Amino acid sequence: MNTTIVRRQCAQLPELPVSPLLRKIYAHRNISHPDELDKTLARMPRPDLFKGMEAALDLLQDALEQQHKIVIVADFDADGATSCAVAIRGLQAMGAQQVDFVVPDRFKFGYGLTPEIVQVAAAKQPALLITVDNGISSLDGVAAARELGIKVLITDHHLPADALPDASAIVNPNQPGCDFPSKNLAGVGVIFYVLTALRARLRGCGWFHDRPEPNLGQLLDLVAFGTVADVVALDQVNRILVEHGLKRVRAGKGCAGINALCEVARRNPDTLVASDIAFALGPRLNAAGRLEDMSYGIRCLLCDDPRQARSMAWELDRLNHERRDIESEMLHHALDDLDTKLSAAGVLPFGLCLFDESWHQGVVGILASRIKERTHRPVIAFALESDTATRLKGSARSVAGVHIRDALDAVASRHPGLIDKFGGHAMAAGLSLEREKFDAFRAAFDSEVRRHLNPDDLQGILHSDGELSPAELCLPLAEELRQAGPWGQGFPEPLFDGIFEVISHKVLAEKHLKMVLAPPGSQHLVDAIAFNKAPLPQPADGHSGDPHTRQQVRIAYRLDVNEWRGQRSAQLIVEHIETV
């Protein structure tokens, strides 16, 4: 699939107290005033702007005063796991003596507060259920809890449907009528806000006169982890949360579980950045929920014993290696399927739906992401629902221009009964349907995507911040860019492009391309690595011409810091490579 590099443009650089290069980079990300770069906690919006917050605090204060049993109902991804750990640690720090959790097994119960998971939670005899990172679409689950006399507090960030569950309280920035300005909080950010508001309420009523008042800032490492891993947009609120969480880890104040995950992922906690969470720590935590049971990952985050946390982290690392092997095989099959479709029809659908009976239900989301990156269009990958050959579970990933949850909603409205249930975000969603309806759904989904995209939209576009001079390809600038974040979804890490001569190259692990590059006419050498992009692309004519002339390539790259055996150096992380 074709990829085009497009250089970002801005009419005027804002007056910001940073270097000229950073001024340009920030302008490309719509930063126009120094206040938008303020990452102090004082810039955080007030908790009372949340709709439903007072009702939530009434429930929690009563539960604390009466020492009622509280059960947290978590989700089985990294956001759900960190949300659960934050809720338990925060409530216990404020004096709750009976706090437990349940997390649905995705292969038995599916997502959210279902009636089945309510029955599991009810066995723990709670007076209050608190959902974290789920619940906004759990109408039946909330009704089941109410029938059992159990109150439900929903904390979530997913988009609601037309009807809301009849919970005792709902805190969700995306529910209708909520005035909280940031709609991009992850689930872990929502429950953190609830806890800060609860602490203020308890402080006002004298709760801490005879017990220590907790420092909830100690939870920010978990908040940062879940926010980055859930790939929510890093608006200013989320950048503040992530920045302060990363600072805690760098200062040696991260929880034992996060430190252990850094160790097994070979990431230095002293220099941890958001991309380390996104590409190294997050996948290891997520592996528990994808292949087995996320309760193991939650216990790792709740563990305060470094030795036990390290043992748990190594098990998560083992699961992640297993997940990679499964993913690799699934991707191979999916690409073969795409080649067959392309050969038969000449073109691919605008909205891709893929299914294979052998695919693992817990890994289809990653597969959809991988295929989306290659084909530049929305993708839904399906697997058989556990213990049945008649129902499918799908995981969807989208591209700019298609709000995937709204697209599924449109399909469901135009074709009643085609989809059993669905939910999600603008860029990711999940759904289930009967296997016999797969072909009809595939056609309906492609038709819906065609309403939003035209053929030109199906070309991959990489937005570049421009070209760096040879002198700028250096460690000091790489360090400066690292500290200028945190970078992530909606606030992308700086990407540059340029033409380089290939001084040398080799293939690592049969798939990664390691190179030494130099700008044309320059003696400045810089290391570069292109993950999963081996071998080196050759000129279109099949040969490189003059054997004494070095091959030239155009690359899009990030300037990063490579740490190896205690040494730090500048390295280019190549996102795209093409011949010149």
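Everything here concerns the structure above.
Everything in this summary refers to the structure shown in the same document. (Residues numbered from 1 in each chain as written. Predicted model: local features only at pLDDT ≥ 70, side-chain atom pairs only at ≥ 80, totals over all residues. Heavy atoms only, no water.)

**Notes on the overall build of the protein**
Formally: Secondary structure is summarised from DSSP: a helix means a run of H or I of at least four residues, a strand means a run of E of at least two, and numbering begins at the N terminus for each. It is over C-alpha atoms that the radius of gyration is taken, and the globule rule equals 2.2 Å times the number of residues to the power 0.38. Residue exposure (1.4 Å probe, protein chains only): buried if accessible area is under 20% of the type maximum, exposed if over 50%, otherwise partly exposed. Throughout, a contact is declared for two residues whenever any of their heavy atoms are within 4.5 Å. Computed with a 1.4 Å probe, the accessible areas rest on the Shrake-Rupley method; for each residue, only the protein chains presented here act as cover.
Looking only at helices and strands, the protein features 16 helices and 17 strands. A compact globule built from 580 residues should have a C-alpha radius of gyration of about 25 Å, and the protein, at 25 Å, falls within 12% of that. Its C-alpha atoms give the protein principal-axis dimensions of roughly 80 × 55 × 50 Å. Relative to its 580 residues, the protein shows a buried fraction of 53%. Summarising the internal contacts of the protein: among those between residues at least 6 apart in sequence, 67% fall at separations of at least 24. Total accessible area on the protein is roughly 25100 Å²; 48% of this is exposed by carbon and sulfur atoms.

**Some words on the pairing of strand β11 (residues 428-434)**
So the rule is basically this: Strands are labelled as partners when DSSP assigns at least two bridges between them.
Examined bridge by bridge, strand β9 (residues 391-397) and β11 share seven bridges and lie antiparallel to one another. The residue of β11 that forms the bridge with glycine 394 is leucine 431. Bridge analysis of strand β10 (residues 421-424) against β11 gives four bridges, and the strand direction is antiparallel. Residue lysine 421 lies in a different strand from β11, and its bridge partner there is serine 432. The hairpin formed by β10 and β11 contains three residues between the paired strands.

**A word on the side chain of arginine 391**
Test applied: The definition of a polar contact used here is a pair of N or O atoms within 3.5 Å, where within protein one atom must be able to donate a hydrogen and the other to accept one, and adjacent residues in sequence count solely through side-chain atom pairs.
Position of arginine 391 among the secondary structure elements: in strand β9. At 2.3 Å, the side chain of arginine 391 and the side chain of aspartate 420 are in polar contact. Those residues within four positions of arginine 391 in sequence are excluded, and the remaining contacts are Ala383, Leu384, Glu385, Asp420, Ser432, Leu433, Glu434 and Arg435.

**What to know about unusual backbone geometry**
The omega torsion of the bond from glycine 485 to proline 486 falls at 10 degrees, within 30 degrees of zero and hence cis. By secondary structure assignment, the location of proline 486 is in the loop between α16 (475-483) and β13 (496-508). Proline 535 follows alanine 534 through a cis peptide bond whose omega is 0 degrees. In this fold, proline 535 is placed in the loop between β15 (526-530) and β16 (552-564). We note that histidine 376 has phi near 60 degrees; this positive angle belongs to a residue other than glycine. Here histidine 376 is to be found in the loop between α13 (364-375) and β8 (379-384). Phi at glutamate 510 is positive, roughly 65 degrees, even though this residue is not glycine. In this fold, glutamate 510 is placed in the loop between β13 and β14 (512-518). Residue glutamate 510 is classed as exposed on the basis of its relative accessible area, which comes to 78%.

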